Structures are given as structure tokens and as C-alpha cells.
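Chain and residue survey
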Amino acid sequence: MKLEAVELRRIDIPLVRPFRTSFGEQITRDVLLVQASTDEGTGWGECVALADPVYSSEYVAGAEAVIADHLLPRLFTQQDLTARSVGPALRGVLGHRMAKAALEMAVLDAELRSYGISLGRYLGAERARVECGVSVGIAPTIDALLDEVGGYVAQGYRRIKLKIQPGWDLEPVRAVRDAFGVDLPLQVDANTAYDAATAPRLHALDEYGLLLIEQPFAEEDLHQHALLARRLVTPVCLDESVVSAAVAADAINRGACGVVNIKPGRVGGYLEAVRVHDVCAALGVPVWCGGMLETGIGRAANVALAALPNFRLPGDTSASDRYYAQDITEPFVLVDGQLAVPTGPGIGVEPRLDVLESMTTRVRTVRP
Ligand SMILES: O=C(O)CCC(=O)N[C@@H](C(=O)O)c1ccccc1
């Protein structure tokens, strides 16, 4: 394929409720969408970078700039572009994995649409539906938390994930256990909020039968994670730390984690996400699909990825209405705690152009 033009579109999509984590609160999502026009058709990609560099060093305005100024010039020169050639073509640019992932996704979508192959089939999906968990932010009160969790349990979500931080950890976990019982699949996510001084608070979580404790310490601190993993019965899961298949293998071999959260944007794209999946499978470590508040574009691709065999725990592939009153694609609807894997060519969904236009804050087309 030959890349002819790329549309970079920023949209503001409001969340149905504030989503608070240890690194801040999301009220609306500033999303960068990429539409790749090639000589064999078009494809869509979604960049998962947040508006501010608080989850990782990437942020949406920076991703847009690095795509336009450094990544696209390297792709426009490719005579026989394929999704598999995007990574090698962009190797000269260090980092910017979420930006690179958005471009690779758009090229992959265009390529698969031209062949009439679904992303799920291409990646190796083995299921037609995936089990869905849901992520619950830090709430203003315990009562508010229990109301929110109760709503998700009633909707049929197969797993609850609670955001935690020092001071909001033991009490919410104990309250959810008391209110919903010991059989509710329950896990926590600290988003790097703890350190050696506050680690003892996490030891006390070990008695609540959690599925896992996600990313308690700093991204680079595999040693601290390994110390905690040796001390707890509850598995430690990594998110921010795992930026590639090689890092996943290193973290597992150091005993830093027993479960891995795979986010395609964080590791540089869906092709690397499959490599992380395969490495974890080879080392006997289960994975689940994380989320970055994606619209239906990224959600469609994540659901396809979550259907691969080693995705053995419910992911953060929630229904569209968990975050958005109106999605930019036909909404993903939870049925019996599951989402259906799209079967159409490529990612299998299209944005609704009327909705897209109503949310667009800026759009530009980059050409060779
Ligand atoms: O379901 C989702 O898409 C969000 C899941 C979730 O909790 N994501 C977290 C995270 O750190 O994993 C998050 C990402 C981006 C922004 C805020 C929170």
C-alpha cells in the first residue's frame, strides 16, 4: 500500500460521570483519531494518550505533533507499506508508543478492510464474545462507591476493579466485600501511587481474596514489585511498567508480576500487544485487556484482542455507556456480562460522521 494522506482529528467527548484515579480526574476525553487514506482504501486508528502526561509521558497534543512532524514523513516514503512495516519504519523515533500505535492501527485497519479480513481473525481471536469487567474510580464517599458498584453488578459485569491510593484502599475494599460478598471477582489498581513507605497498606489487602493488585509502584521499579509479590498471596499485575514484550518477559523473570494488563497503545500497537500476549502465554502468565477510555474505534479493536486465548481474565473492555452517553460508533452493549467481537472487515466499526462532526475540536489533513 501507499499512504496518500492522513486526517488528524481531535474530538472532545464528555464522560457520563467524573472518573478519578490516583493521578487525577477525567471529566471529558480529548481524543486524537487518525484516518489513513491509502491507494487501497482507508482505515481508522485511535491514540489513547490523555490530554495531560499523567498516566505516561505521552499526551494528546504531543502525540499529534510527533505524528505530523516525525512519524508521517517516515511512512510517506514507504513504497509498499503494510501494518508490519510501520514499526520498523518508525524505529528511528524513540518512544511515542501511543502515537505510533494509532498510526499502525489505522494502516492495519485499511489493510484488513482491503482484504476483507476482520481484526479478530487476523490477530488470532478464538472467541466470539469476551467477558467484561469494569473500572470504578475513586469515589467521594463509601456510599457513593457502593451505589456505583451496585449498578455495575446489576448490569452483569463479570469483574469489578477499584482505583486505590494511600488513604483510599482498605476501607473501600472492605466495604465492597461486606456489601457484595467474597465471591464478587474484585481487583484493585493503584496506578503507581504507593512506595516502600506505604507498601504495608497493601499487605493488609492480602486477606480480601482479590484477583490481583495492579501497578502499586513506579513504572521502573520492578524490584519493589518483586518484593511485594514475594510477600503476598494476591498476584501482582503490571500495567504502566510493561511497554513491550521484552519488558514483559524481564518483569516476569524477575518475579515482579504474575498477571499482565495489556494495553495496545502503551506497548506501541496491536502487533506488539499480540507479542506480549504470546510471551506471557509461554511463561504461564495470564493477561487481560486494559482500557484507556477508548471510543468505539479503540474499543472495537480491544474487544478483538481480548478474544485471544491467553486473555484469561475479564478486561476493562466495558460497554460504551460506562463512559459515554453517546459513542462515536454504534455503542458496544453489554449482554450477559460480555461484548461481541466485531466480525466485519478490519476493526469492523465505522464512526458516525454526524456525531464525529459534533464533537470535533480541530481537524487537519497531512499529505506527503
Ligand atoms: O475501561 C477503561 O477504558 C478505563 C480502565 C481504566 O481504569 N484505565 C485507567 C488505567 O490506568 O488503567 C485509566 C486510563 C486512562 C485514564 C484514566 C484511567
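What counts, and where the lines are drawn
Residues numbered from 1 in each chain as written. Predicted model: local features only at pLDDT ≥ 70, side-chain atom pairs only at ≥ 80, totals over all residues. Heavy atoms only, no water. UniProt positions renumbered as here; feature names shortened; annotations may be inferred. Salt bridge = Lys/Arg side-chain N within 4 Å of Asp/Glu carboxyl O. Helix = DSSP H or I, 4+ residues; strand = E, 2+ residues; numbered from the N terminus. Buried < 20%, exposed > 50% of the residue type's maximum accessible area, 1.4 Å probe, protein only. Pairing = 2+ DSSP bridges. Axes fitted to C-alpha atoms, helices over the stretch in contact; angles between N-to-C directions.

Under an unreviewed UniProt entry, the name given to the protein chain is o-succinylbenzoate synthase, and the source organism is Planosporangium flavigriseum. Here the protein chain is described in UniProt, under the heading Cofactor (unreviewed entry), as follows: "a divalent metal cation".

A word on the pattern of salt bridges
In this structure the tally under the stated criterion is 23 salt bridges. Its salt-bridge partner being Lys 161, residue Asp 316 comes within 2.6 Å of it at the nearest N-O pair. Placement of the pair is Asp 316 in the loop between helix H12 (296-305) and strand S12 (338-340) and Lys 161 in strand S6 (residues 159-163), with a sequence separation of 155 residues. The burial state of Asp 316 is the same as that of Lys 161; both residues are buried. Among the salt bridges present, the one from Asp 239 reaches Arg 266, with a minimum N-O distance of 2.6 Å. Of this pair, Asp 239 sits in the loop between strand S9 (236-238) and helix H9 (245-253) while Arg 266 sits in helix H10 (residues 264-267), and the two are 27 residues apart along the sequence. Exposure remark for Arg 266: the relative accessible area of 5% places this residue in the buried category. Ionic contacts of the salt-bridge type, sharing partners, join the residues Arg 159, Lys 161, Lys 163, Asp 189, Glu 214 and Asp 316 into one network.

Some details on the sheet that holds strand S13 (residues 360-366)
Within the open sheet, the 4 strands sit side by side as S3-S2-S1-S13. Their pairing is antiparallel. With one partner strand each, in any of the chains shown, strand S3 (41-47) and S13 form the two edges of the open sheet. On average, adjacent strands in this sheet sit at an angle of 20 degrees to one another, irrespective of strand direction. Pairing analysis gives 14 bridges linking strand S1 (residues 3-21) to strand S2 (residues 24-38), with the strands arranged antiparallel. Across the sheet, the residue bridging to Arg 9 is Leu 33, located in S2.

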